[in-house]
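Commentary on secondary and tertiary structure
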Amino acid sequence: EANKETLGFQTEVKQLLNLMIHSLYSNKEIFLRELISNASDAEDKLRFAALKDDSLFEGDTELHIRLDYDKEAGTVTLTDNGIGMTRDDVIANLGTIAKSGTAEFLKQLSGDEKKDSKLIGQFGVGFYSAFIVADRVEVKTRRAGAPASEGVHWESKGDGEFTIEQTEREQRGTEITLHLKSDAQEFADGWKLRTLVKKYSDHISFPVIMKSESEEEDKKGEDETVNDATALWTLPRTEIKDDEYKEFYKHIAHDFEDPLTWSHNKVEGKLDYTSLLYIPKRAPFDLYNREAPRGLKLYVQRVFIMDDAEQFLPLYLRFTKGVIDSNDLSLNVSREILQNDSTVDSIRTAMTKRVLDTLSKLAKKQPEDYQTFWDEFGTVLKEGPAEDFSNREKIAGLLRFATTHTGESAQNVSLDDYIGRMKDGQNKIYYITGDNFTAAKSSPHLEVFRKKGVEVLILSDRIDEWMMGYLSEYDGKQFQDVARGDLDLGEVETEEDKKHQEEVAEEHKGLVERIQSALEDRVQEVRVTNRLTDSPACLVVGQFDMGAQMKKIMEAAGQ
Ligand code: ADP
Ligand code: MG
């Protein structure tokens, strides 16, 4: 036909397809969840767009997803009457990957199926998962509100290119037909498909409809809804199974691993909203990318409003995924309105507390899972004390450190653990910062602490020194950088120690003066120290001067 064009996939798509087909082979069935998830998103988007312009419904307001199969032909077809796509949408959405950082992400892939399948999970497989089970995929779609003549027919074998042509399409929305591979024919089966819909998509907000296969004559061939079709968060907690929470997480988070934990709450009273928040198990590949999407899915009175509503949580909790459904906000709320809304501020305060409490609970009840969380997201949480001064004590309680107690680089000691091991008379929390763990650990500043058996936190993440600038105390105990100012070991030092110290200082007065004059103004002061037991000398930073790590950051920033 005249308007049929053949186009190539973006290189990244080709790589991703290859990888996915191989590494997800044993997890084939997830394709259905991904496609239903997209269909559900498309229905949500239509309902939202129709708030402003209800002609988009084209007289058909009953939003649903239809699932059909043909055993003989070996096909499965999923149809939605959602927002649909224009030709340009199709080329952008089904021919490229828009996420920035994708190319670098793909470079990390090893060819080891197990490892790669985990990585690809954080990436999100989405539409392309269709090619795990199909060797040919057809998409017919029309954008809601566009004329029937602007239908689009897309087709690909997943081998590097696709064709696209304009067609007539009466029905708005998207129809996806999978021509199943010979080893995936099992999916062209009513029982199998029903089972998968129940398993993965029971609690999306829209009905998934199939033709009845009942033996009863009057039902046979009639439409029947095969999922529960009530949005999960609207159900009472007691009626929701863990597996249902987990599946719903995968639907909204585009993750395919289970979450670590979640918190589901209905708030009534001055504010009226429901939140369902999840803590993921693995950091997304673009966690540190400033433009990466973050935030919650916002619904107002059950109507989807937007993805990535970032106003409901502070930046340092950006790993949190979930849904907020408010009864206070208006249906025509926009991002701009969200930014200056006092209701949003109140919800944000409550949600922040909710996430911090969820983490505290996880740390208490499932310390191993908390450690998993910390290893993935700890450096993000470390942004907390600076960003959220009012919660800094709570955040501090969630921090985990490497310390001289274990002597290992793993960050697994809490401040409460540390305090529990403090020496009699010790009244400060000591820490040392350094470029890397080994350097910090072997610093001469630690000598006296080793001798006295006093534990010191070893901080070697880039962000640590900066973070410590915002933490002055925890549980009433001050933080003290062991490389700064005068070293006060409190009561841990005996009177005898102190007397000895003074004697030594007196004894070496002459030497100190000679060193001072030799170094002249390259140092502020030379003095005899109680810091060292083995090393002859060390450099100390003034109590209020910039630390070495911070200096480097400033220098790198051209300051
Ligand atoms: P994601 O869902 O994470 O955005 P996908 O790969 O699953 O990624 O889908 C890519 C994009 O293709 C979607 O963001 C959406 O814009 C578009 N899309 C996919 N399926 C549909 C559909 N059934 N209706 C409309 N748009 C769709
Ligand atoms: Mg998707």
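The rules we used
- Residues numbered from 1 in each chain as written.
- Chains lettered and ligands numbered in written order.
- Predicted model: local features only at pLDDT ≥ 70, side-chain atom pairs only at ≥ 80, totals over all residues.
- Axes fitted to C-alpha atoms, helices over the stretch in contact; angles between N-to-C directions.
- Helix = DSSP H or I, 4+ residues; strand = E, 2+ residues; numbered from the N terminus.
- Left-handed = near helix turned anticlockwise from the far one by under 90°.
- Contact = placed C-beta atoms within 7 Å.
- Nonpolar A, V, L, I, M, F, W, Y, C, P; charged D, E, K, R; others polar.
- Pairing = 2+ DSSP bridges.
- Near = placed C-beta within 6 Å.
- Buried ≥ 20, exposed ≤ 12 C-beta atoms within 10 Å, placed from the backbone.
- UniProt positions renumbered as here; feature names shortened; annotations may be inferred.
- pLDDT = per-residue confidence, 0-100.

**Considerations on the packing of helix α2 (residues 30–52) against helix α7 (residues 190–201)**
Relative to each other, α2 and α7 sit at 65 degrees, their axes nearing to 10 Å. Relative to α7, α2 is oriented so that their crossing is right-handed. On α7, the residues that touch Leu32, Arg33 and Ile36 of α2 are Leu196, Tyr200 and Ser201. The residue inventory of the contact of α2 with α7, partitioned by class, reads four nonpolar, one polar and one charged.

**Quick word on the sheet that holds strand β15 (residues 402–403)**
With mixed pairing, the five strands of this open sheet are ordered in space as β15-β17-β16-β19-β18. Across the chains shown, the open sheet's two edge strands, defined by having one partner strand only, are β15 and β18 (473–474).

**Notes on the site of ligand 1**
With respect to spatial proximity, 16 residues lie near ligand 1, and among them Asn38, Ala42, Asn93, Gly126 and Phe127 are the closest. Broken down by element, the residue count for the shell around ligand 1 peaks at five residues, all from α2. Here the shell around ligand 1 is built from residues that sort into five nonpolar, eight polar and three charged.

**Quick notes on the environment of lysine 270**
With respect to the secondary-structure elements, lysine 270 resides in the loop between β10 (261–267) and β11 (273–279). Taking the number of C-beta atoms within 10 Å as the measure of exposure, lysine 270 has 8 and is therefore exposed. The sequence separation of lysine 270 and threonine 343 amounts to 73 residues, and the corresponding C-alpha distance is 9.7 Å.

**Regarding the UniProt feature "domain: Histidine kinase/HSP90-like ATPase" (unreviewed entry) in the chain**
Using the residue numbers shown here, the UniProt feature "domain: Histidine kinase/HSP90-like ATPase" (unreviewed entry) corresponds to residues 27–184. Taken as a whole, residues 27–184 contains 34% helix and 27% strand, while its terminal C-alpha atoms sit 12 Å from one another.

**Let's talk about the pairing of strand β8 (residues 208–211)**
Relative to β8, strand β2 (residues 65–70) runs parallel, the two sharing two bridges. Each residue of the ladder has a partner; that of arginine 66, found in β8, is isoleucine 209. Two strands pair when backbone bridges link them, and β8 and strand β9 (residues 223–225) are joined in this way by three bridges, in the antiparallel orientation. Bridge pairing in β9 places lysine 211 opposite aspartate 223.

**Looking at the pairing of strand β4 (residues 134–142)**
Alignment of β4 against strand β7 (residues 173–180), held across eight bridges, turns out to be antiparallel. Residue pairing across strands places threonine 141 opposite threonine 174, the latter belonging to β7. Across five bridges, β4 lies against strand β5 (residues 151–156) in antiparallel orientation. Residue pairing across strands places valine 139 opposite tryptophan 154, the latter belonging to β5.

**A word on the sheet that holds β10**
The pairing of strands in a sheet happens through backbone hydrogen bonds and is either parallel or antiparallel. Strand order across the open sheet formed by five strands is β10-β11-β14-β12-β13, with mixed pairing between neighbours. For this open sheet the edge positions go to β10 and β13 (303–309), each flanked by a neighbour on one side alone. Averaged over neighbouring strand pairs, the angle between their axes works out to 15 degrees when direction is ignored. Sheet analysis places strand β12 (residues 296–300) next to β13, joined by four bridges and oriented antiparallel. When the bridges of β13 are listed, leucine 298 appears paired with methionine 306. Sheet contacts for helix α8 (residues 242–253): β10, β11, β12 and β14 (321–326); angle to β14, the most-contacted strand, approximately 90 degrees. Docked against the sheet, helix α10 (residues 342–365) engages β10, β11 and β14, running at close to 40 degrees with respect to β11.

**Things to note about the confidence of the model for the chain**
Counting all residues, the mean pLDDT for the chain is 90, and 96% of those residues have values of 70 or more. Confidence metrics for the complex model read pTM 0.84 and ipTM 0.99.

**Some words on helix α5 (residues 113–123)**
Within the sequence span of α5, burial applies to Ser117, Ile120, Gly121, Gln122 and Phe123. Following α5 by one or two positions, glycine 124 has its phi on the positive side, about 90 degrees.

**Description of the environment of methionine 468**
Secondary-structure assignment places methionine 468 in helix α17 (residues 464–468). Judged by C-beta crowding, with 20 C-beta atoms within 10 Å, methionine 468 ranks as buried. Along the backbone, methionine 468 and alanine 439 are 29 residues apart, and their C-alpha atoms lie at a distance of 19 Å. Once residues lying within four places of it in the same chain are set aside, the contact partners of methionine 468 are Tyr431, Leu459 and Phe479.

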